[in-house]
Every structure is written in C-alpha cells, then in structure tokens.
Amino acid sequence: MIAPEASVHWWRSPRVAWVAEADRAVLLNLESEAPQPEQLDGTAAAIWTLLGATPLSLDQIVTPLATAYGVAPDAIRGDVAAFLETLRAKGYAESSELS
C-alpha cells in the first residue's frame, strides 16, 4: 500500500552538487556514470531551494510555494508532487515515509 502524501517527506540528496542564483538552480548528480548538469528555472528552482537536508512533508513544500506565487495550495499540490518524483527518479532528491 502506498503511504499517504502527508507521511512522505523529501530532502535533497547529499550526492548532488548545486548552485542557485535568483530564480535558477543548476544540479549535478555526482554518482551518475556520466553526470550532466541540469538547470532548473522558475518554480522548479523555487522547489529545489525549499528542499534541504531536513526532511519536509509535501505540505511544508507546497504551502510556502503557494504563498510566494499567490495561488491556492491545492492548485499546485499535484504538480509539486510530480516534480518531486522526477527529482527522486534522477537522483537529485530522496524521500521516505516518516511518522
């Protein structure tokens, strides 16, 4: 059974080198066989900068992002969750079910 989104927490992978400036971030997965930099812009960069070493729930990521962009949290929750899954699939983020 898949855990409810509220119990899944996200953080940056410690195996990623990155730099951020204004509304852009560039990531590099140091464990990739042939690492290629990935540039995140706009809201993607904003999501990345919200992530840190301390695990955050989806709500802890969505709420400040929604506030910053003046939208309802429910309007972006699905897109943010999908983007976090993409970051995990590429080795940039990690997640775990926390109680």
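As shown above, the structure is provided for reference.
Remember, it's a predicted structure, so these values are computed and weren't measured experimentally.

Draft legend 1. Structural context of the pattern of salt bridges. Applying the stated criterion to the full structure yields 7 salt bridges. In this structure, E31 engages R15 in a salt bridge whose closest nitrogen and oxygen atoms are separated by 3.1 Å. Of the two residues, E31 sits in the loop between β3 (24-29) and β4 (38-41) while R15 sits in the loop between β1 (8-12) and β2 (16-21), which places them 16 residues apart along the sequence. By relative accessible area, which is 56% here, E31 ends up exposed. With a shortest N-O distance of 2.2 Å, R88 and E85 are connected by a salt bridge. With a gap of 3 residues between them, R88 and E85 both fall in helix α3 (residues 73-89), about one helical turn apart. For E85, a relative accessible area of 37% gives the class partly exposed. One connected set of salt bridges, linked through shared partners, spans R15, E31 and E94.

Draft legend 2. Layout of helix α2 (residues 58-69). For α2, spanning 12 residues, the distance from its first C-alpha to its last is 16 Å, which sits close to the expected 16 Å at 1.5 Å a residue. For α2, every residue scored as buried is listed here: L58, I61, V62, L65 and A66. Looking down the long axis of α2, one finds its buried residues gathered within 115° of arc, a one-sided arrangement. Along α2, exposed side chains directed more than 90 degrees from the buried face belong to T67 and A68. Looking at the buried residues of α2, the elements they touch are β1, α1 (42-50), β5 (56-57) and α3. At the C-terminal side of α2, G70 shows a positive phi close to 65°.

Thresholds applied
Residues numbered from 1 in each chain as written. Predicted model: local features only at pLDDT ≥ 70, side-chain atom pairs only at ≥ 80, totals over all residues. Heavy atoms only, no water. Salt bridge = Lys/Arg side-chain N within 4 Å of Asp/Glu carboxyl O. Helix = DSSP H or I, 4+ residues; strand = E, 2+ residues; numbered from the N terminus. Buried < 20%, exposed > 50% of the residue type's maximum accessible area, 1.4 Å probe, protein only. Expected span 1.5 Å × (residues − 1). Arc of directions from axis to C-beta. Contact = heavy atoms within 4.5 Å.

All we've got here are geometric facts, nothing functional implied.
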